[in-house]
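# Observations on the three-dimensional arrangement
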Amino acid sequence: SRAYNFCAGPATLPEAVLKQAETELLDWRGTGMSVMEMSHRSDEFVAIAETAEKDLRELAGISDDYAVLFMQGGASSQFATIPLNLLGENGTADYVSTGIWSKKAIAEAKRFGNVNVAASSEDSGFTTIPDQSSWATTPDAAYLHYTPNETIGGLEYNFVPESGSVPLVADMSSTILSRPLDVSKLGLIYAGAQKNIGPSGLVVVIVRKDLLGKARKETPTMMNYQVIADNGSMYNTPATYSWYLAGLVFKWLKEQGGVQAMGEINARKASKLYGFIDNSDFYANPIDPRFRSWMNIPFTLGDDALNGEFLKGANARGLLNLAGHRSVGGMRASLYNAMPEAGVDALIGYMAEFEKERG
Ligand SMILES: *Cc1c(COP(=O)(O)O)cnc(C)c1O
């Protein structure tokens, strides 16, 4: 029987998706082979790949003005790929620093050109989002990069920044498809797959087509968006099985009612857990309530010395991977699309019991 896995990533996948993959593992629809063993040029795999892209476009409302790329190297490789493609020879990029992931993106971009940190909430311990009126942006920036959901801190924007004619770039690794989003406000969206899409290693890039073809000449071929787009993300052998699994997740999301329905469920899951934490004198969450993440909910116990005991009891009940990130400590519950509401209820039940006994 499956446990409730609260891991931040690689994260839980929908059980229905895993079951379908199991059924199809040895023989995909009478082909006599696994998807893993198929040529990426075969009609069968090309159909799997195209269907996944079509379903993602439908789910997220992505128009033909955008290319959808299925790349490799996770979200972290995009930290370099983005400046190489968008910064030009002497451009400046604006970044907003709201946590560990934006800091990593900034550090990598600095290797390739001028980076202006337009705003930072580091002074607050990354517990809030700086008001956009205070951002010191560059008028002719090559792009403005932000991290809509800081997976480690549990901090999430409740707005899409206004960037005027400057392309807005978003690391949506841990929040993509968690609720409706107006894609047309963004120039580029990227997301490592292992939180809300599928297996790790795959990274989905949604890029406005007018931003293609601007890569610096030293850009490695495999990192050049134009090349990847021109080749249907098959310049080399793509991560075929991960792409297939992502496709199954997209189908599953459509069956659940799409991002509108997911948004409602995710809001309810998060507000249940935050509500419980706020009503307790034993548990606490440090984030500015306006910017609390729906996806990653860090919390501390009244006494850190009880952390080990809390985790042990959780494991025994099949509530797994609740330890906070090593840089933050405490606990963190990740409530991605695939975490059922019953998992949140089970967690809250255990937290109440633990507080009663040890609080
Ligand atoms: C997980 C994560 C990353 C890193 O993803 P990798 O696929 O491991 O490179 C980057 N940004 C955010 C916001 C993340 O949650």
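Let me begin by describing the structure that accompanies this report. All of these numbers come straight from a predicted model, not from anything done at the bench.

### Topic: the pairing of strand S8 (residues 168-171)
Of the two faces of S8, the one holding Leu168 and Ala170 and the one holding Val169 and Asp171 are both buried throughout. Strand direction decides the pairing type here: strand S5 (residues 143-146) and S8, joined by three bridges, are parallel. Counterpart to Tyr146 in the pairing with S8 is Ala170. As judged from the three bridges shared by S8 and strand S9 (residues 188-192), these two strands associate in the parallel manner. Looking across to S9, one finds that Val169 is bridged to Leu188.

### Comments concerning the site of the ligand
The environment of the ligand is made up of Gly74, Ala75, Ser76, Phe79, Trp101, Asn149, Thr151, Asp171, Ser173, Ser174, Gln194 and Lys195. Note that an oxygen atom of the ligand is positioned 2.4 Å from one of the side-chain N or O atoms of Thr151. Within the contact set of the ligand, a nitrogen atom lies 2.6 Å away from a side-chain nitrogen or oxygen of Asp171. Here the ligand, which alone exposes 380 Å², has 87% of that area covered by the protein. The element contributing the most residues to the shell around the ligand is helix H3 (residues 74-86), with four residues.

### Quick look at the sheet that holds strand S10 (residues 202-208)
Overall, mixed pairing links the seven strands, which are arranged S2-S10-S9-S8-S5-S3-S4 in an open sheet. At either margin of the open sheet sits one strand with a lone partner, and together these are strand S2 (66-72) and strand S4 (114-120). Recorded for the sheet is a direction-independent mean angle of 20 degrees between the axes of neighbouring strands. Summarising the sheet, strand S3 (residues 92-97) and S5 pair through three bridges and their orientation is parallel. For Asp94, the partnering residue across the bridge sits in S5 and is Leu144. Those strands touched by helix H2 (residues 43-60) are S2 and S10, and its axis lies near 125 degrees from that of S2.

### A look at a nonpolar patch on the surface
A grouping of Leu25, Leu26 and Met36 is seen on the molecular surface, where their side chains present a nonpolar patch of about 320 Å² in accessible area. Assignment of secondary structure puts Leu25 in the loop between helix H1 (15-24) and H2. Relative accessible area serves as the criterion here: at 35%, Leu25 is assigned to the partly exposed category.

### Quick word on the environment of Leu86
Of note, Leu86 is situated in helix H3. Relative accessible area serves as the criterion here: at 9%, Leu86 is assigned to the buried category. In this structure the C-alpha to C-alpha distance between Leu86 and Ala215, which are 129 residues apart in sequence, comes to 6.3 Å.

### Things to note about the side chain of Asn296
Here Asn296 is to be found in strand S11 (residues 296-299). For Asn296, a relative accessible area of 0% gives the class buried. At a separation of 2.9 Å, a polar atom in the side chain of Asn296 contacts the side chain of Ser334. Discounting chain neighbours no more than four positions away, the residues touching Asn296 are Ala8, Asn149, Thr151, Gly154, Ser174, Tyr274, Arg332, Ala333, Ser334 and Tyr336.

### Considering the packing of H1 against helix H6 (residues 240-255)
Two elements in contact, H1 and H6, have axes whose closest approach is 9 Å; the angle formed by their N-to-C orientations is 130 degrees. One finds that H1 runs oblique with respect to H6. Considering the relative orientation of H1 and H6, their crossing is right-handed. When H1 is examined against H6, the residues Ala16, Val17, Gln20, Ala21 and Glu24 are found in contact with a partner set consisting of Tyr241, Tyr244, Leu245, Leu248, Val249 and Trp252. Tallied by class, the residues present in the contact of H1 with H6 amount to nine nonpolar, one polar and one charged.

### Some points on the pattern of salt bridges
When the charged atoms of two side chains with opposite charge come close together, those side chains can pair. Tallied over the full model, the rule gives 19 salt bridges. With its nearest N and O atoms 2.6 Å apart, the salt bridge here joins Asp55 to Lys251. Here Lys251 lies in helix H6 and Asp55 lies in helix H2, a separation of 196 residues in the sequence. When the shortest N-O distance is used, the salt bridge between Asp345 and Lys272 registers 2.7 Å. In this pair, Asp345 is assigned in helix H9 (residues 341-358) and Lys272 in helix H7 (residues 258-278), connecting sequence segments 73 residues apart. Overall, the relative accessible area of 35% leaves Asp345 in the partly exposed class. Given a relative accessible area of 29%, Lys272 falls into the partly exposed group. When salt bridges with common partners are traced through the structure, they connect Asp55, Glu58, Lys251 and Lys254 into a single cluster.

About the cut-offs
Residues numbered from 1 in each chain as written. Predicted model: local features only at pLDDT ≥ 70, side-chain atom pairs only at ≥ 80, totals over all residues. Heavy atoms only, no water. Buried < 20%, exposed > 50% of the residue type's maximum accessible area, 1.4 Å probe, protein only. Helix = DSSP H or I, 4+ residues; strand = E, 2+ residues; numbered from the N terminus. Pairing = 2+ DSSP bridges. Near = heavy atom within 4 Å. Polar contact = N/O pair within 3.5 Å; in protein donor to acceptor, adjacent residues only side chain to side chain. Areas by Shrake-Rupley, 256 points an atom, 1.4 Å probe, with all protein chains shown as cover. Axes fitted to C-alpha atoms, helices over the stretch in contact; angles between N-to-C directions. Contact = heavy atoms within 4.5 Å. Patch = residues over 30% accessible without salt bridge, like charges linked within 9 Å, V, L, I, M, F, W, Y side chains within 5 Å. Salt bridge = Lys/Arg side-chain N within 4 Å of Asp/Glu carboxyl O. Parallel < 35°, antiparallel > 145°, perpendicular 65-115°, else oblique. Left-handed = near helix turned anticlockwise from the far one by under 90°. Nonpolar A, V, L, I, M, F, W, Y, C, P; charged D, E, K, R; others polar.

Any functional reading would require information beyond the geometric quantities listed.
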